[in-house]
Amino acid sequence: MSNGFEKDLRNHLHREAARANDLPSGLPSRIRRGIDSGGRFTPIQQLAVVATMVIFVAAVGVLIVQLKGARGSQPAHPGYTCANRSGGDPNASSNLQIVRVTPEGGFDRVTFEFDGPIPGYRVDQVDSLAPTEGSGFLHVSLRNISSPVSGIVTPVDPGPRLVTEVRQLTAPAEWTVFGISLARPTCNRVSQLQNATRLVIDFVTPATFTCNTTAGGNQADGPFTLTGIGVQPEGNPETGFYDHLALSFDSAVPPYAVIPQNSATFTRYDGTTVTLAGSSGVRLKLGNVRNTDLSKVGWILATTMPELVKASPTDFTPKLSQIKEVAVLGNSQGTIQFGIGLASAACIRVIDQGKTLVIDFKSPVPVAQGPVQVRELSFPDALHGWALGTASKGQTTYLILARTTDGGATWHYLPFQDPSIANAVGTSWHILFADAQVGWLYGPHLYVTHDGGTTWAAPQSGPVSVGLPPLLALSVSGDSGWAVTAVQECTAPAGSCPPVLLVSSDGDRGWTVAAQQPRIVGRLAQIVRVSHDVGWILSWRHYAASDSSSLAVTHDGGVTWHTLTTPCPPATSFEDRMAAIDDRTIWIICGSQPGAGEKEKQLITSTDGGLQWSHHPNPPASGYVQSLALSGPTSGLVGWLAATRGPLYATTDGGRTWSPAILVGTQVGQAGAGMIEVIFTDALHGWAATSTEVFRTSDGGLHWTGVPAEALE
């Protein structure tokens, strides 16, 4: 190899490396050092090194561009391009009369209408468009428009599907800049129209979601080479969320079929079966491909918790909201089949972007960024349980739900299908399950599920529905339901309108105001029910007063109520909790106003259903009253107190002494906020939770083991 040829080759490679602006930091400089390593290798070795670098640059560049979306890809629609453009009459001076955004057949259109010639314009794709929202951005610059636009019109119904915002970014000057925000990056088509004079920019709207098999691809050319696979979450609250699977190819998308199925169990080429993570699935078939070694395909796993991802050339588990696992089912004779395990049955959207096949899986909520924050537990039996919590993505927090069917050893996400639930975050949300299938989400609204939490709906009839006052407490036994709700309109002085008891006799479908109202004070309440007929309503205020707490009891299923002696004195009635193990044995913890991680507490117990009380002023001062539970092993009654800013306490001598329980978990030392709940379903099986970990016991509380909330799948 001549020195001149080597020099020319190095110069050419330097230019190509300089164009790779999207490569990871430091990689271009390493490539250049490799290019300049002449003299240390033989000519054949130099050619081998150069060829390897070129292939590597191309492969990584394709993957990065592919996961950025349609920008930079080959558009699949004639007339559309991802390049910057300019045009118009640079000497014209026109008034911009209006900007319109309209949904058309297959595309969204942004129209700039003038009263004269189309002025000089530039259409530039940019990386950011603050303060607009979206993931695709465009700048439209107009020259010498003599007055600001009179209005930007965007219809609501039907509204645009891809254009999320159009905004004037600068005041009129030589160049006036408008920003167009898109739900996802995409190419566009620019046209100049007359009668009236208009500059229009069209954006192809994405294919619609479908739950049916979808097929397509290039049936004529090939064979094709699969060059990269990427997975990442996409979307926002306005346009909806979806998990994004993209496969890039060397020249065009090969023949494909996307086949949904009702389970995550797949049959391989050899007849064996494999069950992937999730409860549903999709089979992806690719034909006329030349890949025989998938270990050479680049994989990008865009996940917020990479330490939880299992990855190999033929199997990886990104653990997004919908996509839980992707595995190769077979690769033979030019056909590759993938199995995709999904969290739940999801409709799909398939987009052919020329060299990239994109499959979007509709997802009700985005993947969380960071660990789940547990808020509340519900266990109707020793095996089935639910954890209600929150998770964040960017600046937005979402309500989430996880379910266990093995007593808390493993958990799985149940994304809320309704965005009004997923986005309605607040500490007033609560969860209650009567059995393995029927449960309620209540607080600002009331929703019911009959399939274990997979789907939720408002009650079919009755006064309790979306938009009515928040529910403070809820209890259901069979078809009998009780709910304490705030008063929607209160004309009396502030704080003097007591909450109202609603009752249901048809399994929660219809609710009416109870004929006899129990005495309820304040806006804090707890319902404790031990049978269809027997239950109590404990209510209290967040301040000391002569009527700062109240306890009412019923023995006839809520037909009549009787007020018992006020259990908690005013000084210790800032935060009260109650537990009962039968119709006679009840405990109440009364807590004073908190301060510096402590509060004065008093335990009050009754063995006759609340007619007479024994006072035990010895609970530990550390921590705030949060949750109280009773369990009855053969050795005697055990009381459990979960304290925020404190540990899980236990007493085996009726409340005379309390000791912290020993919790064995991965994040016990990180639970600075303390305990949030403790529950027992029988003498042996119980659960306790911090905001970051759920603990379980199967021996009455002698031993506790935890599962971190961030491991919920």
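Above this text you will find the structure in question.
The rules behind the values
- Residues numbered from 1 in each chain as written.
- Predicted model: local features only at pLDDT ≥ 70, side-chain atom pairs only at ≥ 80, totals over all residues.
- Heavy atoms only, no water.
- Helix = DSSP H or I, 4+ residues; strand = E, 2+ residues; numbered from the N terminus.
- Buried < 20%, exposed > 50% of the residue type's maximum accessible area, 1.4 Å probe, protein only.
- Contact = heavy atoms within 4.5 Å.
- Areas by Shrake-Rupley, 256 points an atom, 1.4 Å probe, with all protein chains shown as cover.
- Disulfide = S-S within 2.5 Å.
- Phe/Tyr/Trp six-rings, centres within 6.5 Å; stacked < 30°, edge-to-face > 60°.
- Core = buried A, V, L, I, M, F, W, Y, C linked by side-chain atoms within 4.5 Å.

Trainee: Just to check I follow, could you spell out the overall build of the chain for this structure?
Mentor: Secondary structure assignment for the chain yields four helices and 52 strands. The proportion of buried residues among the 713 residues of the chain is 50%. Restricting to contacts in the chain with at least 6 residues of sequence separation, those with at least 24 account for 56%. Here the chain has roughly 30500 Å² of accessible surface; of this, 52% comes from carbon and sulfur atoms.

Trainee: Would you mind showing me how to read the environment of T227 here?
Mentor: Position of T227 among the secondary structure elements: in strand β12 (residues 226-236). Of the residues examined, T227 reaches a relative accessible area of 24% and is grouped as partly exposed. As for T227 and S248, which are separated by 21 residues in sequence, their C-alpha atoms are 5.6 Å apart.

Trainee: Honestly, the state of the cysteines in this entry has me stumped. Any pointers?
Mentor: Note on terminology: disulfide describes a covalent bond linking the sulfur atoms of two cysteines. Taken as a whole, this structure holds two disulfides when the rule is applied. Each disulfide pairs two cysteine sulfurs, and for C211 the partner residue is C347, the sulfurs being separated by 1.9 Å. With C211 in the loop between β10 (198-204) and β11 (214-216) and C347 in the loop between β22 (335-342) and β23 (348-352), the pair connects residues that are 136 residues apart, well separated along the chain. Given a relative accessible area of 23%, C347 falls into the partly exposed group.

Trainee: How should I be thinking about the packing of aromatic side chains in this particular structure?
Mentor: Applying the stated criterion to the full structure yields ten aromatic pairs. Between F112 and F178 the ring centres are 5.5 Å apart and the planes differ by 70°, which places this aromatic pair in the edge-to-face class. Taken together, the positions of F112 in strand β3 (residues 107-114) and F178 in strand β8 (residues 175-182) put the pair 66 residues apart, joining distant regions of the chain. Summarising the burial analysis for this pair, F112 and F178 share the class buried. Residues F379 and W411 carry aromatic rings whose centres are separated by 6.1 Å and whose planes lie at 90° to one another, so their mutual orientation is edge-to-face. Of this pair, F379 sits in the loop between β25 (373-378) and β26 (385-393) while W411 sits in the loop between β27 (396-404) and β28 (412-413), and the two are 32 residues apart along the sequence. Both residues of the pair, F379 and W411, belong to the buried class.

Trainee: What should I look at first to understand unusual backbone geometry in this one?
Mentor: Most of the time, phi is negative for any residue but glycine, and the peptide bond is trans. With an omega dihedral of -5°, the bond running from N195 to A196 counts as a cis peptide bond. With respect to the helices and strands, A196 occurs in the loop between β9 (188-193) and β10. Residue P223 is reached from G222 by a cis peptide bond, and omega for that bond is 5°. By the element assignment, P223 lies in the loop between β11 and β12. Phi is positive for Q333, close to 55°, though the residue is something other than glycine. Within the secondary structure, Q333 is located in the loop between β21 (323-332) and β22.

Trainee: Looking at this structure, how should I read the nonpolar core?
Mentor: Generally speaking, a soluble globular protein has its nonpolar side chains buried in company with each other. Core analysis: the largest hydrophobic core is formed by 30 residues, its most contacted members being L245, L247, L286, F338, L357, I359 and F361. Elements with a minimum of two residues in this core: β12, β13 (240-249), β14 (256-261), β17 (280-286), β21, β22, β23 and β24 (356-363). Not counting the four nearest positions on each side in its chain, I359 is found in contact with D243, H244, L245, V258, L284, I348, R349 and V350. Residues L96, Y121, A183 and F203 belong to the second largest nonpolar core, which totals 23 residues.

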